[in-house]
Amino acid sequence: MSVERHTAGMLQQIARQQDVVEIAPQGTSAKAAALAHVAEQYGYTYGSAYRTGFKNSLVQVRMYRDPRPEARVREAATITAHPQAGNGGTVPGLAQGSLKPLPEAADSVAVLKDLVTFDVMALYVGDRRQKVVCYLLCAILPVLMLIDDKSPFEAFLSGGLAALLATVAFQVGVIRRATIARRLTAAGFHEVRDERGDRRFLRPGQQLPGHANPFTA
């Protein structure tokens, strides 16, 4: 889907003043963060992100309508400054016709990218259940290879290598997530746990989203 269609689709949701806006560009967290920045200029705030779609090719971001008065002021100013956004006109914070942030929006988009990446990487860090399933499959692999008349050495070597690769992948995810967490903390965000026990980062004064209001419990 083209940049224009992604942007127009999101702005149509915003124009209906939906409490929740869904953003799902195909590809990187950077694209999702750029669109999330645009939504923020129209009075929304970041809620959560995860991968979905065929082979997890989509980064799905959920933005919530910010009920605070300053958000409505920001929304009105954006509508005035960009009356043709979504119809070929300029879009707040992005170079026209692309998802490349303008210099004045680069820092904001970078922070949103960290929020999106941190949430999305939860899938790859793996909770206890995911790890148990992964290592169980690594243990089953040698058995299947032995049934297929492979040599014991080859079977157990393959199982061991699969387990090693899984361990490295989990650890790389943990390290990268920790680096992002430090950046978000330095940017003034505070860490909380959601109802599932997952780590989340919120702006000062913000609480975990309710049904439609990210500033209520």
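Coordinates for the structure precede this section.
Rules of the game
- The written sequence of each chain sets the order in which its residues are numbered from 1.
- Owing to the predicted nature of the model, reporting of local features is limited to residues with pLDDT of at least 70; listing and counting of side-chain atom pairs is limited to 80 or more, with chain, interface and lining totals taken over all residues.
- Water and hydrogen atoms play no part in the side-chain values, which are based on all heavy atoms of the structure.
- As used in this record, nonpolar core signifies buried Ala, Val, Leu, Ile, Met, Phe, Trp, Tyr and Cys residues forming a set joined through side-chain atoms within 4.5 Å.
- Only protein chains enter the calculation, and the probe is 1.4 Å; a residue is then buried if its accessible area is under 20% of its type maximum, exposed if over 50%, and partly exposed in between.
- Secondary structure elements are defined from DSSP: runs of H or I of at least 4 residues count as helices, runs of E of at least 2 residues count as strands, and each element is numbered from the N terminus.
- We call two residues in contact whenever any of their non-hydrogen atoms come within 4.5 Å of each other.
- Each aromatic pair joins two rings of Phe, Tyr and Trp (for Trp, the six-membered one) with centres within 6.5 Å, and gets the label stacked for planes under 30 degrees apart, edge-to-face for over 60, and tilted for any other angle.
- Distance and angle both matter: a charge sits over a ring if NZ of Lys or CZ of Arg is within 6 Å of the ring centre and within 35 degrees of the ring normal.
- By definition here, a helix of n residues has an expected span of 1.5 Å times n minus one.
- The directions from the helix axis to the C-beta atoms are what the arc is built from.
- Every axis in this analysis is a line fitted to C-alpha atoms, fitted for helices over the stretch in contact. Angles between the N-to-C directions lie between 0 and 180 degrees.
- An angle below 35 degrees is read as roughly parallel, one above 145 as roughly antiparallel, one from 65 to 115 as roughly perpendicular, and any other as oblique.
- It is the rotation of the near helix from the far one that decides the hand of a crossing: anticlockwise by less than a right angle makes it left-handed, clockwise makes it right-handed.
- Polarity classes work like this: nonpolar for Ala, Val, Leu, Ile, Met, Phe, Trp, Tyr, Cys and Pro, charged for Asp, Glu, Lys and Arg, and polar for all others, with Gly in that last group.

Before going further, it helps to spend a moment on the nonpolar core. Ranked by size, the top nonpolar core spans 35 residues in total, and within it Met-10, Ile-14, Ile-23, Tyr-46, Val-61, Met-63 and Val-116 carry the most contacts. Mapped onto this core, the elements with two or more residues apiece are helix H1 (3–15), strand E1 (20–23), helix H2 (29–41), strand E2 (44–52), strand E3 (58–65), helix H4 (106–120) and helix H7 (152–186). Ranked by residues supplied to this core, first place goes to H2 with seven residues. Setting aside chain neighbours within four positions, we find Met-10 in contact with Val-21, Ile-23, Leu-35, Val-38 and Ala-39.

What follows concerns the packing of aromatic side chains. If you walk through the whole model with that rule in mind, you get one aromatic pair. Over the aromatic face of Phe-118 sits the side chain of Arg-177, whose NZ or CZ is 3.9 Å from the ring centroid.

This part covers helix H3 (residues 69–81). The first and last C-alpha atoms of H3 sit 19 Å apart over 13 residues, in line with the 18 Å expected at 1.5 Å per residue. Those residues of H3 that sit buried are Ala-71, Glu-75 and Thr-78. Each buried residue of H3 lies within a common arc of 65° when the element is viewed along its axis, so the set occupies one face. H3 presents Pro-69, Val-73, Thr-80 and Ala-81 as exposed residues on the side facing more than 90 degrees away from its buried surface. Each element contacted by the buried residues of H3 is listed here: H2 and E3.

On to the environment of Ala-110. Structurally, Ala-110 can be placed in helix H4. Residue classification places Ala-110 among the partly exposed positions, given a relative accessible area of 40%. When the C-alpha positions of Ala-110 and Ala-33 are compared, they lie 7.5 Å apart, and in sequence the two are 77 residues distant.

A separate point is unusual backbone geometry. Although it is not a glycine, Gln-17 adopts a positive phi angle of roughly 55°. Residue placement: Gln-17 occurs in the loop between H1 and E1.

The next thing to look at is the packing of H4 against H7. A pair of packed helices can be characterised by two numbers: the angle between their axes and the separation between those axes. Where H4 meets H7, the axes come as close as 10 Å, and the angle between the chain directions of the two elements is 140°. Taken together, the axis directions place H4 and H7 in an arrangement best described as oblique. Regarding H4 and H7, the two cross each other, and that crossing is left-handed. Contacts between H4 and H7 pair Val-111, Asp-114, Leu-115, Thr-117 and Phe-118 from the former with Arg-176, Arg-177, Ile-180, Ala-181, Arg-183 and Leu-184 from the latter. When its residues are assigned to classes, the contact of H4 with H7 shows six nonpolar, one polar and four charged.

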